[in-house]
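Residue-level listing of the chains:
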Amino acid sequence: MCGIVGYVGPRESEAILLSGLARLEYRGYDSAGIAVIDADGDLGLRKRAGKLSVLREDLDAHPLPAGTTGIGHTRWATHGGPTDVNAHPHLADHEQLAVIHNGIIENYAQIKDELVSEGYSFLSETDTEVAAVLLGREFRAHGEDLVAAFRATVKRLDGAFTLLALHREQPHLVVGARRNSPLVIGLGEGENFLGSDVAAFVEYTRNALAIGQDQIVAITPEAVTVTDFDGNPVEVEPFEVTWDAAAAEKGGWSSFMAKEVSEEPEAVGNTIRGRVRDGVVSIPELDGLDDLFREINRIVIIAAGTAAYAGQVGKYALEEWTRIPVDVELAHEFRYRNPILDERTLVVSISQSGETMDTLMAVKYAVERGARTLSICNTQGATIPRESDAIVYTHAGPEVAVASTKAFVAQITAIYLLALHVAAVRGALTATEVAQHVLELEAVPEKIQQILDREQEHIEQFAHWMADTRSVLFLGRHVGFPIALEGALKLKEISYIHAEGFAAGELKHGPIALIEPGQPVFVIVPSPRESPVLHSKVVSNIREVHARGARVVAIAEEGDAAVLPISDEVLRIPLAGPLFEPLLAVVPLHIFAMALATAKGLDVDQPRNLAKSVTVE
Ligand code: M6R
């Protein structure tokens, strides 16, 4: 949600802001705008409801004077609808000051009342304009010093925010602040950048700084200064972005989602790389934590959406291999129910973006309650890892499509590595057992590639004839259950078709009433060789729905003949151990959701109403 870019330097800022905003489009937005200080020191503003292309057309038709300092924003509406007026930047101090914002300022109404009583007026319905007007007042009260005014302003604000501001009286300065909302700094030569994430500036620099909570940053072409909200200097953590701008481009694919599904083998492979050697798991980020892993007696996984389904898959492996009890909780439920936590609980958060507000708040809550925290995250410089005791990065590369695909398989891979490491440390698995599992994990990328090569066309064909389908059900048992949930979520979010995932064992407890002739039902079938008992139960479930006229699509192991007479379509996955099947079975479901949405003529990358990164509660 909301993308933020800031620039100071020698180049024309408009192009830099627009390209940064284009790279942040994936976050989801409904209006866009920029503010630029031109060579004469005047402040130019343009903002438009709709896609970035609308803003671009407007700028082409009525160019702004060129300038080298600027801020840009894509807005996902919260306070006030997606209109030109509510779009950011917002102006204040007689149109000399511009502000952009991501997050929600909870006490904006009180501050607005105060400002209105002092004679200030407002154009928009946003909480952001309140911050802008307050900053304008403080600018005058603090000797026309934008940084001092910014400090005074942010201290008044409650809630979550990233704010950026510039003022025409200090034309080579952009000031930013963050609280529970993302902001990273890009370091250039004679130029500096700010962005919601590194995608905003990776085209220009891969040298970045991650700033912490409740910190303020001031960038000029030559300097970057970071302080806390009281003005005390703070240490900032430099990092190098591990991917280049090309990684965040479509590169000839029809959509980012198509590209990202095709990258699932690499996402798994890159997450394993450098963390296993000769059958031993060694995760450098976890050095020094062996005592912690010996002491814990419980693991709680917190996440939202697809990341939570990865957590559900992870629970099976963690419990199987480490014998530590694991609970998986939706982050947004977790902290509102007084969960039992102590220093022997390890709370593992999973988040592709590392910015999901619900997950972030749950991590903070866990820290306050004395639990130990570890985050599994795909985004360098993101907030959640910074709030956690330890981090295991997934190396899926930038994920741009709203629907999470390659990050999902990378998240499961990272949990498996963690589980094998903890199991080895605790002696819950022998070295030989760990080595066997490592071997299986290392074989996964190749097996995913086989599915992509063999099944894509077949899936696209039957997805085409299913374009008018109104509802699809997904069934799975054991690790197949979270995969059923993931298949249903993916279909809902990008094809807008009603879809439900069920534990196959629940069928006769209710869901079977939904089956009528023609109802499509996807079934994730366990391996007959590896899990004969589960296999026969799922085959019985298929019989039950098939007998009632369901159109069955079975995702089954190569050679499984039992599904043939009772399925309308069979999608084959290579042989794998029970815990490794989910990494394979999910791939046809990702392809199917994408193929069906494409057949319906929908935008698979930016589905309606959704944002890639849910940075508000
Ligand atoms: O960035 P996160 O992994 O924390 O995001 C969590 C969910 O918002 C995300 O997985 C969402 O469910 C996806 N759009 C699903 O495809």
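Here the residue numbering is sequential within each chain, running from 1 through the sequence in written order. The predicted nature of this model means local features are confined to residues of pLDDT at least 70 and side-chain atom pairs, given and counted, to a pLDDT of 80 or more, with totals for whole chains, interfaces and linings taken over all residues. With hydrogens and water stripped out, all remaining heavy atoms of the structure feed into the side-chain values.

A short note on the overall build of the protein
Helix and strand content of the protein: 17 helices and 26 strands. Compactness check: the protein gives a C-alpha radius of gyration of 25 Å against a globular reference of 25 Å for 617 residues, within 12% of the reference. Exposure classes here rest on a 1.4 Å probe applied to the protein chains alone. A residue is buried below 20% of its type maximum, exposed above 50%, and partly exposed in between. Looking at the protein residue by residue over its 617 residues, the buried ones come to 61%. Should any heavy atoms of two residues lie within 4.5 Å, those residues are counted as being in contact. Relative to all contacts within the protein whose residues are 6 or more apart in sequence, the contacts with residues 24 or more apart total 71%. Throughout, the Shrake-Rupley method with a 1.4 Å probe supplies accessible areas, and for residues the shown protein chains are the sole cover considered. Looking at the protein as shown, the accessible area adds up to about 22500 Å², and 49% of this sits on carbon and sulfur atoms. By definition, any uninterrupted DSSP run of H or I lasting at least four residues is a helix, any uninterrupted run of E lasting at least two residues is a strand, and each is numbered from the N terminus. Only C-alpha atoms enter the radius of gyration; for comparison, a globular chain is expected to reach 2.2 Å times N to the power 0.38, where N is the number of residues.

Describing the domain arrangement of the protein
If you check the domain split of the protein, you get domain 1 (3-247), domain 2 (250-429) and domain 3 (449-610). For the domain bounds, the source is a domain assignment made automatically or taken from a database. Using C-alpha coordinates to define each centre, domain 1 is positioned 31 Å away from domain 2. Counting from both sides, the interface comprises 19 residues of domain 1 and, opposite them, 15 residues of domain 2. Here domain 1 meets domain 2 over a buried area of about 1400 Å², counting both sides, of which 51% is carbon and sulfur. Values labelled buried area give the accessible surface lost by two parts on being combined, using a 1.4 Å probe and summing over both. Ranking the residues of domain 1 by area buried against domain 2 places Tyr26, Asn180 and Ala247 at the top, with a combined share of 35%. Only one rule defines a salt bridge in this text: a Lys or Arg side-chain nitrogen within 4 Å of an Asp or Glu carboxyl oxygen. The interface formed by domain 1 and domain 2 contains one salt bridge. Put simply, glutamate 237 and arginine 386 hold a salt bridge, and the shortest N to O gap is 3.4 Å.

Brief notes about the packing of aromatic side chains
A ring pair, where both rings are aromatic, is described by two values, the distance of the centres and the angle of the planes. Aromatic contacts are taken between Phe, Tyr and Trp rings whose centres are within 6.5 Å, Trp giving its six-membered ring; a plane angle under 30 degrees counts as stacked, one over 60 as edge-to-face, and the others as tilted. Counted under the stated rule, the structure contains 13 aromatic pairs. Taking 5.6 Å as the distance between ring centres and 10° as the angle between the ring planes, the aromatic pair formed by phenylalanine 193 and tyrosine 204 counts as stacked. Of this pair, phenylalanine 193 sits in strand 10 (residues 192-195) while tyrosine 204 sits in the loop between strand 10 and strand 11 (207-210); the two residues are eleven residues apart in sequence, bridging distant segments of the chain. Among the residues examined, phenylalanine 193 registers a relative accessible area of 0% and is labelled buried. Connected via pairs of aromatic rings, a cluster forms that spans Phe462, Trp465, Phe474, Phe522 and Phe592.

Considering helix 15 (residues 480-495)
Over its 16 residues, helix 15 extends 22 Å from the first C-alpha to the last, a length consistent with the 22 Å expected when each residue adds 1.5 Å. Extensive coverage of helix 15 is indicated by the burial of 13 of its 16 residues. Phi turns positive, to about 60°, at tyrosine 496, one or two residues after helix 15. A helix's residues, less one, multiplied by 1.5 Å, set its expected span.

Notes on the pattern of salt bridges
Applying the stated criterion across every chain, the model contains 33 salt bridges. Taking the shortest distance from any N to any O, the salt bridge between aspartate 197 and arginine 27 comes out at 2.9 Å. Here aspartate 197, found in the loop between strand 10 and strand 11, pairs with arginine 27, found in the loop between helix 1 (13-24) and strand 2 (31-38); they are 170 residues apart in sequence, far enough to count as distant. By the burial criterion, aspartate 197 is buried, and arginine 27 matches it. With its nearest N and O atoms 3.4 Å apart, the salt bridge here joins aspartate 84 to arginine 48. Taken together, the residues span a long stretch of sequence, with aspartate 84 in the loop between strand 4 (67-75) and strand 5 (90-92) and arginine 48 in strand 3 (residues 43-49) at a distance of 36 residues. A relative accessible area of 35% places aspartate 84 in the partly exposed class.

Observations concerning the side chain of histidine 535
Structurally, the position occupied by histidine 535 is in helix 16 (residues 532-547). Ignoring anything within four residues of it in the chain, the contact list for histidine 535 reads Val525, Pro526, Ser527, Pro528, Asp560 and Ala562.

Focus on the sheet that holds strand 9 (residues 184-187)
Taken in spatial order, the eight strands make up an open sheet running 3-2-4-1-10-9-11-14, and their pairing is antiparallel. Edge positions in the sheet fall to strand 3 and strand 14 (237-240), since each has one partner strand and no second. If you compare each strand with its neighbour and ignore which way they point, the axes differ by 20° on average. The pairing criterion for strands is at least two bridges between them, as found by DSSP. The sheet contact formed by strand 2 and strand 4 spans eight bridges and is antiparallel. Bridge pairing in strand 4 links alanine 35 to isoleucine 71. Under this scheme, a helix contributes an axis fitted over its contacting stretch, all axes are lines through C-alpha atoms, and angles between N-to-C directions fall in the 0 to 180 degree range.

Observations concerning the environment of valine 616
By secondary structure assignment, the location of valine 616 is in the segment after helix 17 (581-599). Residues valine 616 and asparagine 102 lie 514 residues apart in sequence; the distance between their C-alpha atoms is 8.8 Å. Apart from residues lying up to four places away in sequence, valine 616 is in contact with Met1, Trp76, Thr78, Gly103, Ile104 and Met357.

Remarks on the nonpolar core
For the purposes of this section, nonpolar cores are sets of buried Ala, Val, Leu, Ile, Met, Phe, Trp, Tyr and Cys residues that join through side-chain atoms within 4.5 Å. If you look at the biggest cluster of nonpolar residues, it comprises 130 residues, and the most contacted ones within it are Phe293, Trp321, Leu374, Tyr416 and Phe522. The residues contacting tyrosine 416, other than those within four sequence positions of it, are Val313, Gly314, Ala317, Trp321, Leu441, Leu579, Phe580, Pro582 and Leu583. Among the nonpolar cores identified, the runner-up in size contains 28 residues, and Val99, Leu134, Leu135 and Phe229 belong to it.

Focus: the site of the ligand
Think of it this way: one heavy atom of a residue within 4 Å of a molecule or strand is enough to make that residue near it. Looking at the ligand, there are 14 residues lining it, with Ser351, Gln352, Ser353, Thr356 and Glu493 nearest. Counting of polar contacts relies on pairs of N or O atoms within 3.5 Å, with two restrictions inside protein: one atom must be capable of donating a hydrogen and the other of accepting it, and residues adjacent in sequence are counted only when both atoms are side-chain atoms. Between the ligand and the protein, one listed contact pairs an oxygen atom with a backbone N or O atom of threonine 306 at 3.2 Å. Between the ligand and the protein, one listed contact pairs an oxygen atom with a side-chain N or O atom of glutamate 493 at 2.2 Å. Relative to its free-state accessible area of 410 Å², the ligand is covered by the protein chains to the extent of 90%. Tallied by class, residues from the shell around the ligand come to five nonpolar, seven polar and two charged. Three classes are used, and their members are as follows: Ala, Val, Leu, Ile, Met, Phe, Trp, Tyr, Cys and Pro are nonpolar, Asp, Glu, Lys and Arg are charged, and the others, Gly among them, are polar.

Thoughts on the pairing of strand 1 (residues 3-8)
Extensive coverage of strand 1 is indicated by the burial of six of its six residues. Going residue by residue along strand 1, you find Gly3, Val5 and Tyr7 tucked away on one face and Ile4, Gly6 and Val8 tucked away on the opposite face as well. Bridge count between strand 1 and strand 4: six bridges; the pairing is antiparallel. Bridge assignment links isoleucine 4 to a residue of strand 4, and that residue is histidine 73. When strand 1 meets strand 10, the two strands line up antiparallel, connected through four bridges. Its bridge partner being in strand 10, valine 5 is matched across the sheet by glycine 195.

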